[in-house]
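Below, each chain spelled out in residue letters.
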2 protein chains.
Amino acid sequence: MFQAETRIEELISKLREQGYRVTPQRAAVVRVLASSQEHPSVEQIYDSVRVDFPMTSLATVYKTLAVLKDMGEVFELTIAGQSSRYDGCRPHSHPHLICVECGRITDLDIAPVGETCEKVAKRTGYRILHHRHDFFGVCPDCAGDSEHREEAHVGARAQQRLVP
Amino acid sequence: MFQAETRIEELISKLREQGYRVTPQRAAVVRVLASSQEHPSVEQIYDSVRVDFPMTSLATVYKTLAVLKDMGEVFELTIAGQSSRYDGCRPHSHPHLICVECGRITDLDIAPVGETCEKVAKRTGYRILHHRHDFFGVCPDCAGDSEHREEAHVGARAQQRLVP
DNA sequence: GTATTTGCAAAAAATTTGCTATGGT
DNA sequence: ACCATAGCAAATTTTTTGCAAATAC
């Protein structure tokens, strides 16, 4: 929130530096990414962007995200059973906490495992680019809900299949 | 490879215990999952299964994987830009090494972060179910390839006086 | 002015689902 | 025999792409 403006400027600059054109649509996507803690989906980014730029297309959002991903400024969080979420606030790998019920994604500030990256590189001979460390669980809200209404509560956002 | 048989039996038993019927198709999927280190995709599982059971359908593979995932015996590794891969050899969360060039996925045997899970649970109030710790990088083979490609591509002239 | 980028709509992937016949228990 | 499951094809969902028109630089 605080650093959102800074991050927006940073991303805009980097786009320019790399020879990309800064269109209003791209700027809008950047703004949404930099100012949200929500790790939004493409659809959510699209909706937010269209508040200010109703002419923006979904394809453009995808294309912009592809550019930012290639630049290494945005990380795509693929998740089983739902569409990808995007993290553009912090350029560096950091752990996430993901509620498997409601889909909420939170940044974690636990000690980074930076040294482990180097350890892995040394041991395996890989050149490590980044890593993902995500914890999946049930958030307090959803835990409370499911205690009370186990069967009725099928997460509002999370589509889970029911199996006998 | 050694423990494959054991793991196959284990999975079959667990299916039975939970009231699922053990069909030849399901057994075949289990066999592929338990005996491969490759973290196969659905398509690869499908192809392997069809060697022995050519009548098996892709939908059945998906359905079987859904069952095994729900049982917590198979983990779906979602990856940006490609279809999911499945890890059914070890039931417990463990880190992976993923080559972003060739897609190869290798199990890592570095120290588990079990205590971190509990730490996260304590700190956040989430009930942690599992976690993902994956390192993305370029494997030695692919690194070699791209070095050669680059050299060939740059050509003799450009090489003479370039920055270290 | 020119090359990139947009938006659209259509295509391509990837995954799921509904329904009936089949087959495990 | 009963009911879960397989197979198939159609439906969904998610993401990508080709191309003419618009536009950032």
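Residues numbered from 1 in each chain as written. Chains lettered and ligands numbered in written order. Predicted model: local features only at pLDDT ≥ 70, side-chain atom pairs only at ≥ 80, totals over all residues. Heavy atoms only, no water.

Details of the domain arrangement of chain A
Residues and elements named next belong to chain A. According to the domain assignment, chain A contains domain 1 (1–91) and domain 2 (93–164). In this assembly, twelve residues from domain 1 lie in contact with twelve residues from domain 2. Buried area between domain 1 and domain 2, both sides added, is near 1000 Å², and the carbon and sulfur share of it is 52%. Three residues stand out in domain 1 for area buried against domain 2, namely His39, Phe75 and Leu77, and they jointly supply 39% of the buried area on that side. Remark: the boundary between domain 1 and domain 2 carries zero salt bridges. For the pair domain 1 and domain 2, the number of links is six residue pairs in polar contact (both at pLDDT 80 or more). (Domains from an automatic or database assignment. Contact = heavy atoms within 4.5 Å. Buried area = accessible area lost by both parts, 1.4 Å probe. Salt bridge = Lys/Arg side-chain N within 4 Å of Asp/Glu carboxyl O. Polar contact = N/O pair within 3.5 Å; in protein donor to acceptor, adjacent residues only side chain to side chain.)

Re the pattern of salt bridges
For side chains bearing opposite charge, pairing can occur when the charged atoms are close. Residue and element names in this part refer to chain A. Under the definition given, this model contains 14 salt bridges over all chains. Residues lysine 14 and glutamate 73 are paired through a salt bridge, measuring 2.9 Å at the closest nitrogen-oxygen approach. Residue lysine 14 is located in helix α1 (residues 4–17), and its partner glutamate 73 is located in the loop between α4 (58–70) and β1 (75–79); the two are separated by 59 residues in the primary sequence. Its relative accessible area of 24% is what places lysine 14 among the partly exposed residues. On the basis of relative accessible area, glutamate 73 is assigned to the buried category, the value being 8%. With its nearest N and O atoms 2.7 Å apart, the salt bridge here joins arginine 132 to aspartate 134. Taking the relative accessible area as the measure of exposure, arginine 132 reaches 3% and is therefore buried. Taken together, the shared-partner salt bridges in this structure form one network comprising Arg7, Glu10, Lys14 and Glu73. (Helix = DSSP H or I, 4+ residues; strand = E, 2+ residues; numbered from the N terminus. Buried < 20%, exposed > 50% of the residue type's maximum accessible area, 1.4 Å probe, protein only.)

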